[in-house]
Structure formats: C-alpha cells, structure tokens
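Summary of structural features
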Amino acid sequence: MKNDYLVVSDRVQQAIDKKMPVIAVETAQIYLGLTGNGAVMDGIGTKGVKLNEGEPPNYFKIANNIGNLIVQNGAVPAMIAVIDGKIHVGLGKADMQYLHDHHDNLKKICQSDLPLMLIGSNDGVTTLSATMMIAQMVGISVVVTIGVGGVSEDYADTHHVSADIEEMVHNRVVVVATGLTPGSHPERSLRFFDTHGIPVIGFRTDSIFTRWMSEFSHPLKYRVNDPTDIAATLAVKRSLDIDGAILVFNPAAKVITDEESYNSEINSDHIIEILNDNVTLAAWIAMAISMDLDPNIDNRGSKRSTIPKKEKSMSFEVWLFAVKKFAQNYDVALLIFNNLPESEKERLRQEYEDTVD
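Structure report, in brief. (Residues numbered from 1 in each chain as written. Predicted model: local features only at pLDDT ≥ 70, side-chain atom pairs only at ≥ 80, totals over all residues. Heavy atoms only, no water.)

Turning to the pattern of salt bridges, a few remarks are in order. According to the stated counting rule, one finds 8 salt bridges in the structure shown. Lys221 is the salt-bridge partner of Asp194, the closest N and O atoms lying 3.2 Å from each other. Here Lys221 lies in the loop between strand E13 (217-219) and strand E14 (222-224) and Asp194 lies in helix H9 (residues 186-195), a separation of 27 residues in the sequence. For Asp194, a relative accessible area of 47% corresponds to the partly exposed category. With relative accessibility at 59%, the residue Lys221 sits in the exposed group. We note a salt bridge from Arg347 to Glu351, for which the minimum N-O separation is 3.4 Å. Pair noted here: Arg347 and Glu351 are both in helix H14 (residues 342-355), with a separation of 4 residues, about one helical turn. Within this structure, Lys324, Glu344, Arg347 and Glu351 form a network of salt bridges that share partners. (Salt bridge = Lys/Arg side-chain N within 4 Å of Asp/Glu carboxyl O. Helix = DSSP H or I, 4+ residues; strand = E, 2+ residues; numbered from the N terminus. Buried < 20%, exposed > 50% of the residue type's maximum accessible area, 1.4 Å probe, protein only.)

So, about the pairing of strand E15 (residues 246-249). Of the two faces of E15, both are covered, the one formed by Ile246 and Val248 as well as the one formed by Leu247 and Phe249. Both strand E9 (residues 174-177) and E15 contribute to a ladder of 4 bridges, which runs parallel. Paired with Val176 across the strands is Val248, a residue of E15. With 3 bridges connecting them, strand E11 (residues 200-203) and E15 associate as parallel partners. Within E15, the residue paired with Val200 across the bridge is Leu247. (Pairing = 2+ DSSP bridges.)

What follows is the structure, encoded as structure tokens:
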C-alpha cells in the first residue's frame, strides 16, 4: 500500500506480498509501559506495582529481543511506530535505538491521535487501537500485545470505553493478549465484546483473570486448543464479510501480586517472558492463516473441516511445530524431529497423513 505517511519496511512488505506469517507488535507497551525511577508500570497487569529506583530499562534491548522471539517462532516482526511524522511498519535496529534514545519525547498514540501526529515531525509509539488500525491498513492479520483496554471500572461516572475495544468493532485482525489492562471491568468488558460481535476466545483456558491473578477468574464462552481453529474462525468471518476483530486471551503462566516490587531489569525480563508465550501463539495462528485455510462444512453438517487451496491445510513441518508442539520455536522442532529414529519419523508422518485434511 502506497501512502505519503506510511513507510513499510522491505522485509515486511515482501512477507505480506508472499503471504508469509507476519505479526504486528504494539510498541506503547514496550517503550511507555515500563519506566524507571519508581514510576507505575502500566500494562503488565498490576495496580500500583512500582519499580525500584535506578536506571531506566533498556527499551532497545526489550524491543530487539521481542523481534528476535518472533523470528525464532517462524514469523516476521512488524513493530509499528511514528518517527518524524511518518508511520513506520517494521522497525529496524536503528529505529528501535532511535526510539530508545528519544524516549522522553515519545508520544503515546491511539488511532484518534494519528492524523495530528502526522502533520508535524512527531515521534511516538502506538497503542493497541492504532496498531490494529495500521495492521489492517497494510494487510497484517495478527497483532500481539500484553493487555487490552476494556470498559472502565468507573464507567457509571466516566462512561469511558477504551479505544482498543472500540477499534475491534470495525477491525478484522486477530489480537493475542494476556488479559485486560488494569482499571477495566471484566464483566462489562466481556458484555461489550459479546454485544458488538467480537468473539473472545480462551486459548487452552476457560477463564480470564483480573490483573492476571488466578483467584479472580471470569468465565469465557469459547475455548480452543488448536491455533488452526482460530485461523479458520477468521476465514469464516472474512468469507461472510463480518466486521469485528477476534480476541484471543492467552493467560500468563506466571502470576504476579500487588505486593511485588521489581527493579527495571527484572521487569524487562518479565515483559519478554509474558510476550514470549503470546508471540509463540501469534506465530502459530499467523502460520495457519498463511496456509490459506478455506473453512467448509462437510456433508453431514456436523463437523468443520478445513479444506485448503493447497493439498493440505498445513505442511508437515508446521504441523510438527504448531500441533505436535515439539518445541517453543519452529527451528528447534525440526531439529528434534531430524534426530529421531527413522521408525518414529515414519510414525509421525503417517499420523500427519491420517489427521491433517
């Protein structure tokens, strides 16, 4: 897509053109969600957790590590930010370092801010709402984040609804997140999603958690255990021309408490640890989407089968990684397979032939 205000990196554009798995990343959570000098950590999911006094975190390191995680999981990272009044999709190392060096001047940009941010030489990082909008604009189907803004807990007084979920009403991407951001009312937020036709899916979970603490769980209507089902759901929505994003909650394995206090280095590691799980899931979904799944109902009308344009809905290698889950990244899964005895390799190939449409 050509636009005077849009700069898409060659790597990302080539991946989009070739229908390779691409993942858009919300950058506000990286550069403005974690600050030093005792500032409140906004986006990790706790209220009032403060960092120890000291040097601010290395934002470049966090962003670069997240990009590397996406590559290790077999996808192309598309971090999005505004630099010098232009939307950049697919940040290089120099861009990530620039944002780190100019951290104090960065603006937090939601979708309604974009026009004003693009009429001057502004620098800023995009919230989930702006990231979703730009991702759809350039043809990226999967967005990864940590927290999603919802209906505020004090809605009766403020009538505040996050721009994140307002954008989801009109967008058609898949959003992979850990949970709702602090200050969101879980039941009201889930009702909003339901009323506005936004499927909320728990990945291998039946609940989401308030501030990601398991004692405050809230049931979800839908659960899936296979990333290809999420890709197929997106394909159905697109084939029926239905507006609305798909929200996938992937609760963190590690819970945190309001009493915990972290220094900057530990918090940086914690962000990467949480995003690692979300990036892995997002990569599985993006891979399944890139396989051009064509959802159809079989003759009995009782079972959904994914009939691809190609011979199989996914390659044997992707099946090993995304379904059999040999490892947390694509390359290691293949390495493990290649070191198996021939008899075990043959058994797996036969299982693939028997189970993958």
